[in-house]
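Here is what each chain is made of, one letter per residue.
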Amino acid sequence: MATEGQKVVLITGCSSGIGLAIAVMLARDEMKRYYVIGTMRDLKRKDKLVEAAGGAYGKTLSLLTLDVCSDESVKQCVDSIRDRHIDILINNAGVGLVGPVEGLSMDEMMKVFETNFFGAVRMIKEVMPDMKRRRSGHIIVISSAMGLQGVVFNDVYSASKFAIEGFCESLAIQLLKFNIIVSMIEPGPVHTEFEMKMFADVSKKEYAGTDPETLHHFRTCYLPSAMNIFQSLGQTPEHIAKCTKKVMESPRPPFRNLTNPLYTPIVALKYADETGNLSVHTFYHLLYNFGGVMHISLSILKCLSCGCLRRRAISPT
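The paragraphs below set out a description of the structure included in this document.

Conventions adopted
Residues numbered from 1 in each chain as written. Predicted model: local features only at pLDDT ≥ 70, side-chain atom pairs only at ≥ 80, totals over all residues. Heavy atoms only, no water. Helix = DSSP H or I, 4+ residues; strand = E, 2+ residues; numbered from the N terminus. Rg over C-alpha atoms; globule rule 2.2 N^0.38 Å. Contact = heavy atoms within 4.5 Å. Areas by Shrake-Rupley, 256 points an atom, 1.4 Å probe, with all protein chains shown as cover. Polar contact = N/O pair within 3.5 Å; in protein donor to acceptor, adjacent residues only side chain to side chain. Buried < 20%, exposed > 50% of the residue type's maximum accessible area, 1.4 Å probe, protein only. Pairing = 2+ DSSP bridges. Axes fitted to C-alpha atoms, helices over the stretch in contact; angles between N-to-C directions.

1. Focus: the overall build of the protein
Thought 1: When you go through the protein residue by residue, the secondary structure sums to twelve helices and seven strands.
Thought 2: Over its C-alpha trace the protein gives a radius of gyration of 20 Å, about what one expects of a compact globule, namely 20 Å for 317 residues.
Thought 3: Dimensions of the protein, computed from the C-alpha atoms along their principal axes, are close to 60 × 55 × 35 Å.
Thought 4: For the protein, the share of sequence-separated contacts (at least 6 apart) that also reach a separation of at least 24 residues comes to 76%.
Thought 5: Total accessible area on the protein stands at roughly 16200 Å², and carbon and sulfur atoms take up 58% of it.

Shown next, in the form of structure tokens:
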């Protein structure tokens, strides 16, 4: 149970990866400023989190069962918290989906939206009225750089993240009236078991109904490039946890927070041309026309990033 002065933080999807890292980092805060409620669909998967939390478990960290895809589960979880008091909600639970669209079933696509979009919306709807009454709260969503820039063969996942970005951007405006802050955390690639398992699974999948040319580009161009990107540019869950904690503790938390500066130029590229052709054609050529696409794209990202950072350094403040 939270003590006086502690902020109650509810985090979804804490069995592994980013959610686990955030829960551990906040629960082990040296000044004990947070009482963390870590949640997951199946508490049988709690061992990794409990071990990482160490002595914080049972003191500044407790666990609850929560399925963000179930109205009943969400309500039961929030009702079980003393006075339904949640100072900070961190929507982290998410699923991925990679592959040619024609080879994906509608059920697979809907499951992605049910978790990544409606799961977050379900949580926000449940805690928002209490935050409004208290005129205090912080809603954080672990989104993605793919919620700002679409990525080939990640069509559905990107769409789910675009959806939650648009939802939260709209909601953030009216919630300011109630002193409630909304923040998006937007990682690029992150090294987790989730991503590695996904790559292993998709490399074996048949994708029935996909034409041979598209399947060839997916397997021989996209998959090797994506794996190289994760190895070369990927951040750790702990890095994302640090970024999230920094946003939580900021006196004026930003709405958007790209965690990897190498992805800032990608977003800038998109908005540099109002027609959208610049970014679409650039990524088309990187994937389909250039040899050694990974070395080229990584070099471009690093050069663009260094240029952006240099301009920031010399720009007047």
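Once the structure has been displayed, the description carries forward.
2. Things to note about the side chain of Asp29
Thought 1: Along the chain, the position of Asp29 falls in the loop between helix H1 (17–27) and strand E2 (34–40).
Thought 2: Side-chain polar atoms of Asp29 contact the side chain of Lys245, separated by 3.4 Å.
Thought 3: Those residues in contact with Asp29 that lie beyond four places of it in its chain are Tyr34 and Lys245.

3. So, unusual backbone geometry
Thought 1: The phi torsion at Asp83 lies on the positive side, around 60°, for a residue other than glycine.
Thought 2: If you trace the backbone, Asp83 turns up in the loop between helix H3 (71–79) and strand E4 (88–91).
Thought 3: Owing to a relative accessible area of 68%, Asp83 belongs among the exposed residues under this scheme.

4. Side note on the environment of Lys48
Thought 1: Within the secondary structure layout, Lys48 lies in helix H2 (residues 47–53).
Thought 2: Look at Lys48 and you get partly exposed, because its relative accessible area is 38%.
Thought 3: Taking C-alpha positions, Lys48 is 7.3 Å from Ser16, a pair spaced 32 residues apart along the chain.
Thought 4: Contact partners of Lys48, with chain neighbours within four places excluded, come to Ser15, Leu20 and Glu193.

5. What about the sheet that holds E4?
Think of a sheet as strands paired side by side through backbone hydrogen bonds, with each pair either parallel or antiparallel.
Thought 1: Reading across the sheet, the seven strands line up as E3-E2-E1-E4-E5-E6-E7 and stay open at both edges, with parallel pairing between neighbours. What marks the edges here is a single partner per strand, and that holds for strand E3 (61–65) and strand E7 (256–258). Taking each pair of neighbouring strands and ignoring which way they run, the sheet shows an average axis angle of 20°.
Thought 2: Of the pairings in the sheet, the one linking strand E6 (residues 180–186) to E7 comprises three bridges and is parallel in character. In the strand pairing of E7, Met184 is matched with Arg256.
Thought 3: Along the sheet face, helix H5 (residues 118–134) touches strand E1 (7–11), E4, strand E5 (137–142) and E6 and points at about 175° away from the line of E4.

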